[in-house]
Structure formats: C-alpha cells, structure tokens
Amino acid sequence: MMVATDWPAFGGGLPANLVRASLPISGIYDIEPIRLTPLNDAVKLEADDVRRLSPLFLSPTTTIEGIVAHGGTGRKSSIDRRPSLLGLA
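Okay, so let's go over this structure. A quick note: this is a predicted structure, and the numbers were derived from the prediction, not measured.

A few words on the overall build of the chain. Scanning the chain from terminus to terminus reveals four helices and two strands. Across the 89 residues that make up the chain, the buried fraction comes to 20%. Counting only contacts in the chain whose residues sit at least 6 apart along the sequence, the fraction spanning at least 24 positions is 62%. Carbon and sulfur atoms make up 59% of the accessible area of the chain, which amounts to about 6,300 Å² in all.

Laid out in structure tokens, this is it:
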C-alpha cells in the first residue's frame with residue numbers, strides 16, 4: 001500500500017520515491033476471499049471495494065526494488081496463491 005501512495009499529494013515536500021524498496025511478507029494481497037466468507041457480514045466489503053483496496057490491484061507510483069516473501073502451513077488456499085500474482089503485477 002505504501003508503494004502505491006502518492007506521497008507528494010500529502011504535501012510537505014515529500015518525494016514521490018519516499019519508499020525505496022518493499023518486502024511484503026505473508027500478507028493478504030487480494031481481499032476477495034474475505035468478501036466471500038461470513039466475516040464479510042462484519043466488514044461489509046462490496047466487489048468494488050475489493051478492487052480499490054486490495055494491494056494486488058494497486059499500481060505503484062514509482063519504480064522500486066522489491067521482494068515478495070510468503071510462508072505457509074503446508075495447506076493451500078485461495079489466499080496462498082496471491083504472493084505469486086503480486087510478483088507478476
């Protein structure tokens with residue numbers, strides 16, 4: 001999320017390249033699976049929210065170095081494939 005932030009828009013002379021590298025670790029990059037669970041009764045995500053809020057779909061505002069790391073429990077789920085998608089974005 002910090003890589004996709006328009007830092008100069010916050011004012012104070014912040015540079016566009018305020019974040020110079022990224023290392024996302026085992027995050028939830030696409031929140032669509034959450035929208036499809038009973039948890040959504042509490043968070044009330046709409047389909048448009050998923051596209052707007054998921055880091056997977058945010059465009060970087062600058063070119064940076066990055067590594068995507070992901071650990072797991074050995075079981076696969078729809079969330080487990082998201083780091084590989086983020087690396088291709």
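Let us keep going from here.
Applying the stated rule across the entire model yields one aromatic pair. When the centroid spacing of 5.6 Å and the interplanar angle of 35° are considered together, the rings of Trp7 and Phe10 count as tilted. A cation sits over an aromatic face here: Arg51 above Phe57, 4.0 Å from the ring centre.

Judged by side-chain polarity, Phe10, Leu14 and Leu18 come together as a nonpolar surface patch covering roughly 280 Å² of accessible area. Considering the arrangement of structural elements, one finds Phe10 in the segment before strand E1 (21-22). Residue Phe10 is classed as exposed on the basis of its relative accessible area of 59%.

All right, on to the pattern of salt bridges then. Opposite charge on two side chains permits pairing when their charged atoms draw close. For the structure on display, the rule yields two salt bridges. Two residues, Glu32 and Arg35, come together in a salt bridge whose shortest N-O distance is 2.8 Å. With a gap of three residues between them, Glu32 and Arg35 both fall in helix H1 (residues 32-35), about one helical turn apart. With a shortest N-O distance of 3.0 Å, Asp49 and Arg52 are connected by a salt bridge. Note that Asp49 and Arg52 are positioned in helix H3 (residues 47-53) at a spacing of three residues, about one turn of the helix. A relative accessible area of 16% places Asp49 in the buried class.

Let's shift gears to the environment of Leu58. With respect to the helices and strands, the residue Leu58 is situated in the loop between H3 and strand E2 (65-66). Leaving out residues up to four positions away in the same chain, Leu58 has contacts with Met1, Ala4 and Arg52.

Position of Val3 relative to the elements: it lies in the segment before E1. In sequence terms Val3 and Val19 are 16 residues apart; their C-alpha atoms lie 6.2 Å from each other. With near-sequence residues (within four places) excluded, Val3 lies in contact with Val19, Ser22, Pro60, Thr61 and Ile64.

Another point: the side chain of Asn40. The residue Asn40 is located in helix H2 (residues 40-43) in this model. Those residues in contact with Asn40 that sit more than four places away from it in its chain are Ile34, Arg35 and Leu45.

Rules used throughout
Residues numbered from 1 in each chain as written. Predicted model: local features only at pLDDT ≥ 70, side-chain atom pairs only at ≥ 80, totals over all residues. Heavy atoms only, no water. Helix = DSSP H or I, 4+ residues; strand = E, 2+ residues; numbered from the N terminus. Buried < 20%, exposed > 50% of the residue type's maximum accessible area, 1.4 Å probe, protein only. Contact = heavy atoms within 4.5 Å. Areas by Shrake-Rupley, 256 points an atom, 1.4 Å probe, with all protein chains shown as cover. Phe/Tyr/Trp six-rings, centres within 6.5 Å; stacked < 30°, edge-to-face > 60°. Lys NZ or Arg CZ within 6 Å of the ring centre and 35° of its normal. Patch = residues over 30% accessible without salt bridge, like charges linked within 9 Å, V, L, I, M, F, W, Y side chains within 5 Å. Salt bridge = Lys/Arg side-chain N within 4 Å of Asp/Glu carboxyl O.

On their own, these measurements won't tell you what the molecule is for.
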